[in-house]
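Given next are the chains, with one letter for each unit.
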Amino acid sequence: MSEKFTARIWVLGDDIDTDIIIPTEYLALKTVEDMKPYAFSPLRPELAGQIQPGDMIVAGKNFGCGSSREQAPEIIKALGIRCVIAKSFARIFFRNSINNGLLLIENGELGDVVEEGKLAEVTPGEKVVYEGKEYEIASLPENLMEILRAGGLVKAMRRRNGLDA
């Protein structure tokens, strides 16, 4: 999880709640794969079909607010989003995301300067480089990095307890 990567940016605004990430009416579908096409549909119906594996979302404040549904970060990860950078995250969404192996980065500046479709280079725990300018980012505690490196909490605990290599 500490390796550097470059990703295409999708820009979203403030207060992207879990009902925007995955509307309630689609939670009855059997799998996250079935739900994926409806991600962000109240805001941008075409977005789920445009996101490519390895892309990132850059958003404003309070990303993931609303209900605590675990499907929200699961769907973002299933779409292939490499990380979400936002000014701030709802607390329960933040922890659900880490537990599902989705990297979240808080940064108060990027949401105001990035343009959709452009690329940014992310070095987790260090910096984001966009248009030649470096933006420092905080590192996550090692216990959370262990979870992210493993691909989620269940996988991390299986590794820690010797159940998986």
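Above this note sits the structure.
Source: prediction; values computed, not measured.

Enquirer: Describe in detail the overall build of the chain, supporting the description with residues and values.
Expert: Each helix and strand counted, the chain has eight helices and seven strands in total. When the backbone C-alpha atoms are referred to their principal axes, the chain occupies close to 45 × 40 × 25 Å. In the chain, buried positions account for 44% of the 165 residues. Once local pairs closer than 6 in sequence are excluded, the contacts in the chain between residues at least 24 apart make up 67%. In the structure as shown, the chain presents an accessible area of about 8,200 Å², 48% of it carried by carbon and sulfur atoms. Looking at the chain, you have 20 positive and 25 negative side-chain charges, and the mean spots of the two groups are 5 Å apart.

Enquirer: Give a detailed account of the nonpolar core, specifying residues and quantitative values.
Expert: Within the largest apolar cluster, 54 residues are counted, with the highest numbers of intra-cluster contacts made by Phe-40 and Phe-63. The leading source of residues in this core is helix H7 (residues 142-150), at five residues. Apart from the residues within four sequence positions on either side, Phe-63 is in contact with Leu-12, Ile-16, Ile-21, Ile-57, Ile-76, Val-84, Ala-86, Ser-88, Phe-89, Ala-90 and Phe-93.

Enquirer: Please set out helix H5 (residues 91-99) residue by residue, giving values where relevant.
Expert: By the burial criterion, the buried members of H5 are Phe-93, Phe-94, Asn-96, Ser-97 and Ile-98. On its buried face, H5 is in contact with helix H1 (18-21), helix H4 (71-78), strand S4 (103-106) and H7. One or two residues past the end of H5 sits Gly-101, with phi positive at roughly 80°.

Enquirer: So what about H7? Which residues, and what values?
Expert: Those residues of H7 that fall on the buried side of the exposure criterion are Leu-144, Met-145, Ile-147, Leu-148 and Ala-150. Residues of H7 that are buried in the fold lie against H5, S4 and helix H8 (153-160). In the segment just after H7, Gly-151 is the residue with positive phi, at about 95°.

Enquirer: I'd love a proper account of the environment of Asp-34, names of residues and values included.
Expert: For Asp-34, the location among the structural elements is in helix H2 (residues 32-35). For Asp-34, a relative accessible area of 37% corresponds to the partly exposed category. Sequence spacing of Asp-34 and Ile-75 is 41 residues, and the spatial spacing of their C-alpha atoms is 9.7 Å.

Enquirer: Could you give an account of the sheet that holds strand S7 (residues 133-136), with specific residues and numbers?
Expert: Read across the open sheet, the seven strands follow the order S4-S3-S2-S1-S5-S6-S7; overall the sheet is mixed. A single partner strand is all that each edge strand has here, and the edge strands are S4 and S7. Neighbour-to-neighbour, the strand axes of the sheet open up by a mean angle of 30°, direction not taken into account. Note: strand S1 (residues 5-11) against strand S2 (residues 56-59), three bridges, orientation parallel. Bridge pairing in S2 links Val-11 to Val-58.

Rules used throughout
Residues numbered from 1 in each chain as written. Predicted model: local features only at pLDDT ≥ 70, side-chain atom pairs only at ≥ 80, totals over all residues. Heavy atoms only, no water. Helix = DSSP H or I, 4+ residues; strand = E, 2+ residues; numbered from the N terminus. Buried < 20%, exposed > 50% of the residue type's maximum accessible area, 1.4 Å probe, protein only. Contact = heavy atoms within 4.5 Å. Areas by Shrake-Rupley, 256 points an atom, 1.4 Å probe, with all protein chains shown as cover. Lys, Arg positive; Asp, Glu negative; His and termini not counted. Charge placed at Lys NZ, Arg CZ, Asp CG, Glu CD. Core = buried A, V, L, I, M, F, W, Y, C linked by side-chain atoms within 4.5 Å. Pairing = 2+ DSSP bridges. Axes fitted to C-alpha atoms, helices over the stretch in contact; angles between N-to-C directions.

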